Amino acid sequence: MNKDNFKYYATHHADKSPILKDAICAFIFGGGICFFAELLLTLYMKFGFSEETSRLTVTLTLIFLTCLLTGIGVFDRIAKIGGAGTFVPITGFANAMVSPAIDYTAEGYVTGLGSKMFIIAGPVIVYGTVSSIIYGIIYWFLLLL
């Protein structure tokens, strides 16, 4: 099958993506996660935590809940419906860390879990760290001027 035949076959047999439905679901789920985070922030501040402590606690709560829901298989079902809306940075990153770890646990804790946990999130961590170092050096030089 040459390229033209494949292109024809792919365009005529592929399922059409419901873009509007996907966008609405992503908006609702992403907004829902952010709304839930704001509710947690308000709740933690009512318990007497400072704003800085409350924000940190909200982040940790979202990471914990995402890891828990990923571990019991619920987050994947939510992500099928919510699509890109579930990749709000905190929840998406937590899911990206836990999913490979769960998949490779059978290979052992060191060779499976330990080495495969960063397959997806590893490049994000590396590039984020390198970018922050470069930014810090540039900022430091600008302060010297």
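Within any chain, residue numbers begin from 1 and follow the written order of that chain's sequence. Given that the model is predicted, a residue must reach a pLDDT of at least 70 before its local features are reported, and side-chain atom pairs must reach 80 or more before they are shown or counted; all residues, however, enter totals for whole chains, interfaces and linings. Heavy atoms throughout the structure, all of them, feed into the side-chain values; hydrogens and water do not.

## Examining the side chain of Thr 61
Piece 1. Secondary structure elements follow DSSP: runs of H or I no shorter than four residues count as helices, runs of E no shorter than two count as strands, and numbering proceeds from the N terminus. For Thr 61, the location among the structural elements is in helix 3 (residues 51–71).
Piece 2. Within 3.5 Å is the distance limit for a polar contact, defined as a pair of N or O atoms, with the added protein rule that one can donate a hydrogen and the other accept it, and that residues adjacent in sequence qualify only through two side-chain atoms. A distance of 2.7 Å separates polar atoms of two side chains, one belonging to Thr 61 and the other to Tyr 44.

## With respect to the nonpolar core
Piece 1. The biggest cluster of nonpolar side chains holds 6 residues, and these are Ala 37, Leu 40, Leu 41, Tyr 44, Val 58 and Leu 62.
Piece 2. Sorting elements by how many residues they give to this core places helix 2 (residues 19–46) first, with 4 residues.
Piece 3. Non-local contacts of Val 58, meaning those with residues more than four positions away in its chain, are made with Ala 37, Leu 40, Leu 41 and Tyr 44. Residues grouped as a nonpolar core are buried Ala, Val, Leu, Ile, Met, Phe, Trp, Tyr and Cys residues, joined through side-chain atoms within 4.5 Å. For every residue, the accessible area obtained with a 1.4 Å probe (protein chains only) is divided by the maximum for its type, and the residue is called buried under 20%, exposed over 50%, and partly exposed between those limits. Whether two residues are in contact is decided by their heavy atoms, any of which lying within 4.5 Å being enough.

## Focus: the environment of Gly 30
Piece 1. Turning to its location among the elements, Gly 30 is positioned in helix 2.
Piece 2. A relative accessible area of 11% means that Gly 30 is categorised as buried.
Piece 3. Sequence separation between Gly 30 and Gly 82 is 52 residues; the distance between their C-alpha atoms is 7.5 Å.
Piece 4. Beyond its immediate sequence surroundings of up to four residues, Gly 30 is in contact with Gly 85 and Val 88.

## Observations regarding helix 5 (residues 89–103)
Piece 1. The terminal C-alpha atoms of helix 5 lie 22 Å apart, and with 15 residues this matches the ideal 21 Å at 1.5 Å per residue to within 8%.
Piece 2. Within the sequence span of helix 5, burial applies to Thr 91, Gly 92, Ala 94, Asn 95, Ala 96, Met 97, Val 98, Ser 99, Pro 100 and Ala 101. Expected span of a helix, by definition, is 1.5 Å for each gap between consecutive residues, and there is one gap fewer than residues.

## Details of the pattern of salt bridges
Piece 1. Every case where a carboxyl oxygen of Asp or Glu lies within 4 Å of a side-chain nitrogen of Lys or Arg is listed as a salt bridge. In this structure the tally under the stated criterion is 1 salt bridge.
Piece 2. Note that Glu 51 and Arg 55 form a salt bridge whose closest N and O atoms lie 2.6 Å from each other. With Glu 51 and Arg 55 both in helix 3 and 4 residues apart, the pair spans about one turn of that helix.
Piece 3. Overall, the relative accessible area of 41% leaves Glu 51 in the partly exposed class.

## Let's talk about helix 3
Piece 1. Compared with the 30 Å implied by 1.5 Å per residue over 21 residues, the 30 Å span of helix 3 between its first and last C-alpha is a close match.
Piece 2. Among all positions in helix 3, only Ser 54, Val 58, Thr 61, Leu 62, Thr 66 and Thr 70 are buried. When helix 3 is viewed along its axis, its buried side chains cluster within an angular range of 155° and face the same direction. Along helix 3, exposed side chains directed more than 90 degrees from the buried face belong to Glu 52, Leu 56, Leu 60 and Phe 64.
Piece 3. Buried-residue contacts for helix 3 involve helix 2, helix 4 (74–82) and helix 5.
Piece 4. Of the residues flanking the end of helix 3, it is Gly 73, one or two places downstream, whose phi is positive at about 85°. In this description, one arc is meant: the one made by directions from the helix axis to the C-beta atoms.

## Side note on a nonpolar patch on the surface
Piece 1. Any residue with relative accessible area above 30% and no salt bridge may belong to a patch, with like charges joined within 9 Å and the nonpolar Val, Leu, Ile, Met, Phe, Trp and Tyr side chains within 5 Å. Residue burial considers only the protein chains on display, and all accessible areas are found by Shrake-Rupley using a 1.4 Å probe. A contiguous nonpolar surface patch, about 770 Å² in accessible area, is contributed by Val 126, Tyr 127, Val 130, Ile 134, Ile 138, Leu 142 and Leu 145.
Piece 2. Considering the arrangement of structural elements, one finds Leu 145 in the segment after helix 7 (122–144).
Piece 3. Of the residues examined, Leu 145 reaches a relative accessible area of 84% and is grouped as exposed.

## Observations concerning the side chain of Thr 70
Piece 1. Here Thr 70 shows up in helix 3.
Piece 2. Here Thr 70 falls in the buried class, since its relative accessible area comes to 6%.
Piece 3. In contact with Thr 70, not counting residues within four places along its chain, are Phe 75, Asn 95, Val 98, Ser 99 and Ile 102.

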